[in-house]
Amino acid sequence: MTITHSGMVAIIGRPNVGKSTLLNCLLNQKLSITSSKPQTTRWQILGIKIIDCAQIIYIDTPGLHSVEKHAMNRYMNRIARSVLLDADLIIFMMNATGWQDDDELVLKKLQNLTKPVLLAINKVDLLQDKTKLLPMIEQLHERYPFTHIIPISALKVENIASLEMEIIRLLPKGPQLYPDDQITDKSIRFQIAEVIREKIIQTTEEELPYATTVEIEQLEQGNKLTTISAIIWVERQGQKAIMIGKQGAQLKKIGTQARRDIQNILQRKVFLRLWVKVKEHWTDDERALKSLGYE
Ligand SMILES: Nc1nc2c(ncn2[C@@H]2O[C@H](COP(=O)(O)OP(=O)(O)O)[C@@H](O)[C@H]2O)c(=O)[nH]1
Ligand SMILES: [Mg+2]
């Protein structure tokens, strides 16, 4: 079928509203890592999908922040802002549990935009009383001239088809922008590093995940299995010890869980080697960020 409509659809919202979960759900594939901790997504990730005569390019964005404390936060804010300018339409996400100050902060960034904004009220599965939705929707229409307000659950895949129908309806006329079989702009190396980072976020405490980045050093497709070596960079010796754990138990846990997901992505057996190394204050140092690929 010839593509007649195409465009960029930015998924935005405060940390933890479920942006990455929605992207994965729309693409029916794990492209963007998720966790219950804020600031999990560090990168802008494209999810590309063809439905009928439309090619939709979804953009998952790192959360917007009010305080630009570190270079990493500044970096994340920069991409989030440029995405708002590039997008043809915006999905603004909030949670059904209620409006928060941080939602207001993100909404402020939309004030001078003239493009269509769809409001997705996510996590409706957590609502005991669904009748609360109607008055909530009425109030939200007063906050901003949303093109449409749609209650969804990205996790339980509820009402996603209606959201997608609205998106297609609002998509501008345009040609096919990516090949038929391309579903993301990110390389396999990137996806592997992200999966490892996801396991670190999910299995370690407090601020340790924020002091971590993952670099794929070797990726070799052998006959029977793929060999991968990755370095987990941390900021301090103490963090290195925690990451490795007692007799290597923590690192082993990360490795086992990551290998399982990587095998799913690659659809073949994987041998995964992990090393932990120290690079001081890498989140605060723009140069260190660049050397690790945060451009
Ligand atoms: N109950 C429920 N949880 C969800 C839903 N969508 C996302 N979550 C959870 O919310 C947390 C944050 O999701 P994530 O996609 O990483 O949020 P992001 O920071 O906006 O990208 C994760 O623990 C998700 O499993 C939903 O529809 N219902
Ligand atoms: Mg995310």
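Residues numbered from 1 in each chain as written. Chains lettered and ligands numbered in written order. Predicted model: local features only at pLDDT ≥ 70, side-chain atom pairs only at ≥ 80, totals over all residues. Heavy atoms only, no water.

> Give a description of the packing of aromatic side chains that names residues and reports values.
Under the counting rule described, the total for this entry stands at three aromatic pairs. For the ring pair F92 and F146, a centre distance of 6.0 Å and an interplane angle of 35 degrees mean the geometry is tilted. Remark: F146 occurs in the loop between α4 (133–143) and β6 (148–151) and F92 occurs in strand β4 (residues 89–95); sequence separation between them is 54 residues. By the burial criterion, F92 is buried, and F146 matches it. Geometrically, the ring pair formed by Y144 and F146 is tilted, given 5.0 Å between the ring centres and 45 degrees between the ring planes. Relative accessible area serves as the criterion here: at 6%, Y144 is assigned to the buried category. The class for F146 is buried, based on a relative accessible area of 6%. Aromatic rings pair up to connect F92, W99, Y144 and F146 into one cluster. Of note, K186 hangs over the ring of F190, and the distance from its end group to the ring centre comes to 5.3 Å. One Lys or Arg, K279, reaches over the ring of W233 and ends 4.8 Å from the middle of that ring. (Phe/Tyr/Trp six-rings, centres within 6.5 Å; stacked < 30°, edge-to-face > 60°. Helix = DSSP H or I, 4+ residues; strand = E, 2+ residues; numbered from the N terminus. Buried < 20%, exposed > 50% of the residue type's maximum accessible area, 1.4 Å probe, protein only. Lys NZ or Arg CZ within 6 Å of the ring centre and 35° of its normal.)

> Requested: an account of the domain arrangement of the chain, with residues and values cited.
Reports of interface size often rely on the accessible area that becomes lost once the parts have come together. Taken domain by domain, the chain consists of domain 1 (5–170) and domain 2 (188–291). Between domain 1 and domain 2, the residue contacts involve 17 residues of the former and 20 residues of the latter. Contact between domain 1 and domain 2 buries roughly 1,700 Å² in total, counting both sides, with carbon and sulfur atoms accounting for 49%. When the area that domain 1 buries against domain 2 is broken down by residue, the three leading residues are I33, K37 and R42, summing to 35%. Between K30 and E198 there is a salt bridge, with its nearest N and O atoms 2.4 Å apart. Linking domain 1 with domain 2 are six residue pairs in polar contact (both at pLDDT 80 or more), by the criterion used here. Looking at the side of domain 1 that touches domain 2 element by element, the count peaks at four residues for helix α2 (residues 71–86). Taken together, the residues that form the side of domain 1 that touches domain 2 break down as six nonpolar, six polar and five charged. (Domains from an automatic or database assignment. Contact = heavy atoms within 4.5 Å. Buried area = accessible area lost by both parts, 1.4 Å probe. Salt bridge = Lys/Arg side-chain N within 4 Å of Asp/Glu carboxyl O. Polar contact = N/O pair within 3.5 Å; in protein donor to acceptor, adjacent residues only side chain to side chain. Nonpolar A, V, L, I, M, F, W, Y, C, P; charged D, E, K, R; others polar.)

> Quick rundown of the site of ligand 1? Include the residues and the values.
In the vicinity of ligand 1 lie 18 residues, with N16, G18, K19, T21 and D125 positioned nearest. One nitrogen or oxygen atom from the side chain of D125 is found 2.7 Å from a nitrogen atom belonging to ligand 1. When isolated, ligand 1 has an accessible area of 590 Å², and the protein chains bury 87% of it. The biggest single contributor to the shell around ligand 1 is helix α1 (residues 19–27), with three residues. Per-class residue counts for the shell around ligand 1 are five nonpolar, 10 polar and three charged. (Near = heavy atom within 4 Å. Areas by Shrake-Rupley, 256 points an atom, 1.4 Å probe, with all protein chains shown as cover.)

> Give me the nonpolar core: which residues, what numbers.
Nonpolar side chains tend toward joint burial in soluble globular proteins. L22, Y58, I91 and I167 are the most contacted members of the largest nonpolar core, which has 32 residues in total. Those elements that provide at least two residues to this core are β1 (5–12), α1, β2 (45–51), β3 (54–60), α2, β4, β5 (117–122) and α5 (160–170). For this core, the element with the highest residue contribution is α1, accounting for five residues. Those residues in contact with I167 that sit more than four places away from it in its chain are V9, I56, Y58, L89, I91 and L118. Among the nonpolar cores identified, the runner-up in size contains 29 residues, and L46, L107, L119 and V124 belong to it. (Core = buried A, V, L, I, M, F, W, Y, C linked by side-chain atoms within 4.5 Å.)

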